[in-house]
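Working through the structure, step by step
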2 protein chains.
Amino acid sequence: MNSVGKSWLLLTGLILFYIIYLLFGALVFSSIERPVEDELRRDMEALKAEFLNQSCVSAASLENFLVRVLTANKYGVSVLRNSTVTSNWDLASSMFFANTLVTTVGYGHTTPLSDTGKAFSIVYALIGVPFTMLVLTACVQRIMYLLVIGPVCLLQRSGLEPRPATVVHFVLLLVLVVLCFFLAPAAVFSAVEVSWSFLDGLYFCFISLCTIGLGDFVPGTQPGQKYRPLYQVAVMVYLFVGLMMMYLLLRTFHKMSDLHGLTSFLQLPRCEESDVDEDREPIVDREDRTPPQPTEKAASRPLDPGSQPSYNTINKG
Amino acid sequence: MNSVGKSWLLLTGLILFYIIYLLFGALVFSSIERPVEDELRRDMEALKAEFLNQSCVSAASLENFLVRVLTANKYGVSVLRNSTVTSNWDLASSMFFANTLVTTVGYGHTTPLSDTGKAFSIVYALIGVPFTMLVLTACVQRIMYLLVIGPVCLLQRSGLEPRPATVVHFVLLLVLVVLCFFLAPAAVFSAVEVSWSFLDGLYFCFISLCTIGLGDFVPGTQPGQKYRPLYQVAVMVYLFVGLMMMYLLLRTFHKMSDLHGLTSFLQLPRCEESDVDEDREPIVDREDRTPPQPTEKAASRPLDPGSQPSYNTINKG
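Residues numbered from 1 in each chain as written. Chains lettered and ligands numbered in written order. Predicted model: local features only at pLDDT ≥ 70, side-chain atom pairs only at ≥ 80, totals over all residues. Heavy atoms only, no water.

1. Some details on the side chain of E33(B)
Residue and element names in this part refer to chain B. Heads up, the condition is: Going along the chain from the N terminus, every DSSP run of H or I of four or more residues is numbered as a helix, and every run of E of two or more is numbered as a strand. Note on classification: 1.4 Å probe, protein chains only; a residue is buried when its accessible area is under 20% of the maximum for its type, exposed when over 50%, partly exposed between these limits. Only four residue types enter the charge count: Lys and Arg as positive, Asp and Glu as negative, with His and the chain ends excluded. Criterion for a salt bridge: a side-chain nitrogen of Lys or Arg within 4 Å of a carboxyl oxygen of Asp or Glu. Any N or O atom pair separated by 3.5 Å or less is treated as a polar contact, with the protein-specific requirement of one donor-capable and one acceptor-capable atom, and with residues adjacent in sequence counted only for side-chain atom pairs.
Among the structural elements, E33 can be located in helix α1 (residues 3–53). Despite its burial, E33 remains without a salt bridge, the nearest opposite charge being carried by K118 at 8.3 Å. A polar side-chain atom of E33 sits 3.0 Å from a polar atom in the side chain of S114.

So this is what it looks like as structure tokens:
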């Protein structure tokens, strides 16, 4: 098998492992949290029935009742009649929670109730967050040619100068991302979620794809939603692909800034030689350029990372 | 003024501007959200009084009441008696919210109620998130010498070989970060927040510094907390410094991996020449190394980013 084939096989393996990791997290979260949730739910039902049985409601008893209602609500257990049917810790919801954990979006609409759940969340994110970043990077590496290098080439062939071509390409890519990952999903969300306006949808997309994840708007939490598990999986795919596109956009912007000298303009005065060199490393090359002559700097720059076993040359003290 | 002085002046300017940006956000959020919150709060008080005045509580009226209570609670307005004194949108709380927005932590314990607030959140984060990343990077660049390059040098001078020195250093740094930014703050939080256990504190620190920010535990939200604004500012400083240390740790790990060939081991088979080269660029140098001879690869590598105006050489299609 050639290296391209191997590379795609590895990517498929990574994504498969990512899905397995999410499923594993979902199973563990579900088995830890569901019993605790069920107990809390039963408690709340009993509490509500007891409250309704009182002959007269005093301010103190109402206060007591509300304290417990709001505490349960914090953990995603609502006392409302029409919300008791669905669990926050069924398989799809647990997977959705695991996904928001490893992508660092973290809506917090459901949170672990038990200490075991909290401890597992820490361990799960400790492995999951770097792994997700790895999978995202691997995916971006592979769509880079299709969405960045190819189109820029095409623009250049159609007669544009190299620098304007990268700007035109970036603007086009930005428009594409805003259309496909902000405006279109916002329209879909505002249609599917009955209480969401278009602005709510847009706000949700933005807050999610920036990984802020406030959690005031979370799709698939309304009672009686049809095909809820399927919808949650669709939102998870949207989040993953959206984050990938945000990362691609950031990388393209960085490449374009490099090309236009914007990086060095924005860059802080150097305090570490190595960092600056690293950031200034050119990523692009001119077609019609004559190869530069090796300078002293090129000669003194090590080529094999394996042969540089300390941080010494950047020690200027 | 020398370049080091200028560099520190620029950093001070950046941090000052960061604080001003947070204050500006706090003022805008406060002025937009406070009136809406006050109105909701008054509504809730009236609702509660009306509910208590009923001669008998029916299941339907309780359901109605609870729906409104829970909706208000979602926006951070509680009907409980002892929580009505403090606003979620006073200056300190608004600044805390602005801070969780730009650092992408996003607890979501308070969220904008009005459409204006939501729209402003989008614009504010659009500028604030990249700016925060810039400030964090600038800070990390400056503590890199003190906490990474200096100590590694010291370890080498004390007789350790370069590679083991970087491992020992990374382990020491990791222990320091875990102690100072996870265990110690967790102990402080569990002491200050009456309802938090040590695990709760640790869980909060971890979920925050990974920018997941579930928001089930947020410091300074309990009623009757003393010196609340001061406490919130302290938590903001903790978050900022903690994120800086997490970033430093990540960078040190990356440097160490480079040195030990772990990066290339973990790296996916190349699909883009430029990306791989960029990632493999060595950051460290060996003291006793003979300078490598310029190879063909070095000669063909452009040295001045300003002279490379397209993405063409990475186009292999």
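2. What to know about helix α3 (residues 91–102) of chain A
In plain terms, the rule: Here the expected span of a helix is defined as 1.5 Å times the quantity of residues minus one. Whether two residues are in contact is decided by their heavy atoms, any of which lying within 4.5 Å being enough.
The end-to-end C-alpha distance of α3(A), which contains 12 residues, comes to 16 Å, matching closely the 16 Å that a straight helix rising 1.5 Å per residue would cover. Among the 12 residues that make up α3(A), 11 are buried, leaving the element largely enclosed by the rest of the structure. Taken together, the buried residues of α3(A) touch α1 (3–53), α4 (115–157) and α7 (228–259) of chain A together with α6 (198–209) of chain B. Two residues or fewer after α3(A) comes T104(A), characterised by a positive phi angle close to 60°.

3. Quick notes on the UniProt feature "transmembrane region" (unreviewed entry) in chain A
Residues and elements named next belong to chain A. For clarity, the threshold we go by: UniProt positions are given in the numbering used here, feature names are shortened, and annotations may be inferred rather than shown by experiment.
The UniProt feature table records "transmembrane region" (unreviewed entry) at residues 7–32, 122–147, 167–189, 201–218 and 230–250. As annotated, residues 122–147 comprises 100% helix and 0% strand, and the C-alpha atoms at either end are separated by 36 Å. This span, residues 201–218, is 50% helix and 0% strand, and a straight line between its end C-alpha atoms measures 10 Å.

4. Observations concerning the pattern of salt bridges
The tally for this structure, following the rule as stated, stands at 10 salt bridges over all chains. A salt bridge links E63(B) to K48(A), with the shortest nitrogen-to-oxygen separation between them at 2.8 Å. Linking E63(B) in helix α2 (residues 59–74) with K48(A) in helix α1, this pair reaches from one chain into another. In this structure, D115(A) engages K118(A) in a salt bridge whose closest nitrogen and oxygen atoms are separated by 3.5 Å. Of this pair, D115(A) and K118(A) both sit in helix α4, three residues apart, roughly one helical turn. Taking relative accessible area as the criterion, K118(A) reaches 4% and is therefore assigned buried.

5. Examining the confidence of the model for chain A
All names here are of chain A. Note the cut-off: The predictor attaches a confidence to each residue, called pLDDT, with possible values from 0 through 100.
Averaged over every residue, the pLDDT of chain A is 81; residues scoring 70 or more account for 81%. Confidence drops under pLDDT 50 across residues 268–317; counting only partners more than four residues distant or on other chains, this segment forms 144 contacts. At the level of chain-chain contacts, confidence expressed as ipTM amounts to 0.81, with global pTM at 0.82.

6. Digging into the packing of aromatic side chains
Note the following rule: By convention, a stacked pair of Phe, Tyr or Trp rings (six-membered ring in the case of Trp) has centres within 6.5 Å and planes under 30 degrees apart, an edge-to-face pair has planes over 60 apart, and any other such pair is tilted.
All chains considered together, the criterion is met by 48 aromatic pairs over all chains. Their ring planes at 70° and their centres at 5.1 Å tell us that W89(A) and F97(A) sit as a pair that is edge-to-face. Accessibility expressed as a relative area gives 1% for F97(A), which makes it buried. Taking 5.8 Å as the distance between ring centres and 85° as the angle between the ring planes, the aromatic pair formed by Y203(B) and F217(B) counts as edge-to-face. Taken as a pair, Y203(B) in helix α6 and F217(B) in the loop between α6 and α7 (228–259) lie far apart in primary sequence, 14 residues in all. Each of the two residues, Y203(B) as well as F217(B), counts as buried. Feature note: the residues F17(A), Y18(A), Y21(A), F24(A), F29(A), W89(A), F97(A), F120(A), Y124(A), F131(A) and F240(A) constitute an aromatic cluster, connected by ring pairs.

7. What about a nonpolar patch on the surface?
Residue and element names in this part refer to chain A. Put simply, the rule is: Residues enter a patch when their relative accessible area is above 30% and they make no salt bridge; the linking distance is 9 Å between like charges and 5 Å between nonpolar side chains (Val, Leu, Ile, Met, Phe, Trp, Tyr). Residue burial considers only the protein chains on display, and all accessible areas are found by Shrake-Rupley using a 1.4 Å probe.
On the surface, a cluster of nonpolar side chains totalling about 590 Å² of accessible area is made up of V167, V171, L174, V175, V178, L179, L183 and F198. If you trace the backbone, V175 turns up in helix α5 (residues 162–192). Residue classification places V175 among the partly exposed residues on the basis of a relative accessible area of 44%.

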